[in-house]
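Below are the chains, spelled out letter by letter.
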Amino acid sequence: QVQLVESGGGLVQAGGSLRLSCAASGSIFWIVVAAWYRQAPGKERELVARITSGGSTYYADSVKGRFTISRENAKNTVSLQMNSLTPEDTAVYYCNLVGKTITASPFDSWGQGTQVTVSS
């Protein structure tokens, strides 16, 4: 099994920054895709940013130019640097990793979520 632990959420004023981190543990052989999603109250979970094993990135239009996703393969970690935060960024943020274990079994694991609250 692959477990994910997120950290870095909190309360910040509009215009501020936060850095979320997601550390994976378990018998990981290869992380194919790492992503951050978020879910605001009363809304569906949405993809915020994604990075592939080759380093290709995708960002939702709402966060382009403000958020940066990165990964450190040797440590099985993925981070999300969030700048110029607005109250609309308030949500629970979830880390999602998709890949294969050392026994070649696929995994699709989610973190427990970390709250990000941006005050106006």
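None of the values given here were measured: they were computed from a predicted structure.

Calculation rules
- Residues numbered from 1 in each chain as written.
- Predicted model: local features only at pLDDT ≥ 70, side-chain atom pairs only at ≥ 80, totals over all residues.
- Heavy atoms only, no water.
- Core = buried A, V, L, I, M, F, W, Y, C linked by side-chain atoms within 4.5 Å.
- Buried < 20%, exposed > 50% of the residue type's maximum accessible area, 1.4 Å probe, protein only.
- Helix = DSSP H or I, 4+ residues; strand = E, 2+ residues; numbered from the N terminus.
- Contact = heavy atoms within 4.5 Å.
- Phe/Tyr/Trp six-rings, centres within 6.5 Å; stacked < 30°, edge-to-face > 60°.
- Lys NZ or Arg CZ within 6 Å of the ring centre and 35° of its normal.
- Salt bridge = Lys/Arg side-chain N within 4 Å of Asp/Glu carboxyl O.
- Patch = residues over 30% accessible without salt bridge, like charges linked within 9 Å, V, L, I, M, F, W, Y side chains within 5 Å.
- Areas by Shrake-Rupley, 256 points an atom, 1.4 Å probe, with all protein chains shown as cover.
- Disulfide = S-S within 2.5 Å.

## Looking at the nonpolar core
Ranked by size, the top nonpolar core spans 31 residues in total, and within it Trp36, Val78, Leu80, Met82, Tyr93 and Leu97 carry the most contacts. Among the elements of the structure, β3 (18-25), β4 (28-39), β5 (46-52), β7 (67-72), β8 (77-82), β9 (91-101) and β11 (114-119) are those that each provide at least two residues to this core. Setting aside residues up to four positions removed in sequence, Met82 forms contacts with Gly16, Ser17, Leu18, Leu20, Arg66, Phe67, Tyr93 and Val116.

## Some points on the packing of aromatic side chains
Tallied over the full model, the rule gives 1 aromatic pair. Their ring planes at 55 degrees and their centres at 4.9 Å tell us that Tyr37 and Trp110 sit as a pair that is tilted. Of this pair, Tyr37 sits in strand β4 while Trp110 is found in strand β10 (residues 106-110), placing the two residues 73 residues apart along the sequence. Note that Arg45 overlies the ring of Tyr94, its terminal NZ or CZ placed 3.8 Å from the centroid. The cationic tip of Arg45 hangs over the ring face of Trp110; the distance from NZ or CZ to the ring centre is 4.8 Å.

## Let's talk about the pattern of salt bridges
Counted according to the given criterion, the structure contains 5 salt bridges. The shortest N-O distance in the salt bridge between Glu46 and Arg38 comes to 2.7 Å. The exposure class assigned to Glu46 is partly exposed, which follows from its relative accessible area of 34%. Arg38 is paired through a salt bridge with Asp89; the nearest N and O atoms lie 2.9 Å apart. Of this pair, Arg38 sits in strand β4 while Asp89 is found in the loop between β8 and β9, placing the two residues 51 residues apart along the sequence. Residues joined in a network through salt bridges with shared partners are Arg38, Glu46, Arg66 and Asp89.

## As for a nonpolar patch on the surface
Judged by side-chain polarity, Phe29, Trp30 and Ile102 come together as a nonpolar surface patch covering roughly 380 Å² of accessible area. Of note, Ile102 is situated in the loop between β9 and β10. Judged by relative accessible area, Ile102 falls into the exposed class, the value being 57%.

## With respect to the state of the cysteines
Counted under the stated rule, the structure contains 1 disulfide. In this model Cys22 forms its disulfide with Cys95; the gap between the sulfur atoms is 2.2 Å. Negative torsions about the S-S bond denote left-handed disulfides, and the value of about -85 degrees found for Cys22 with Cys95 makes this one left-handed. In this pair, Cys22 is assigned in strand β3 and Cys95 in strand β9, connecting sequence segments 73 residues apart.

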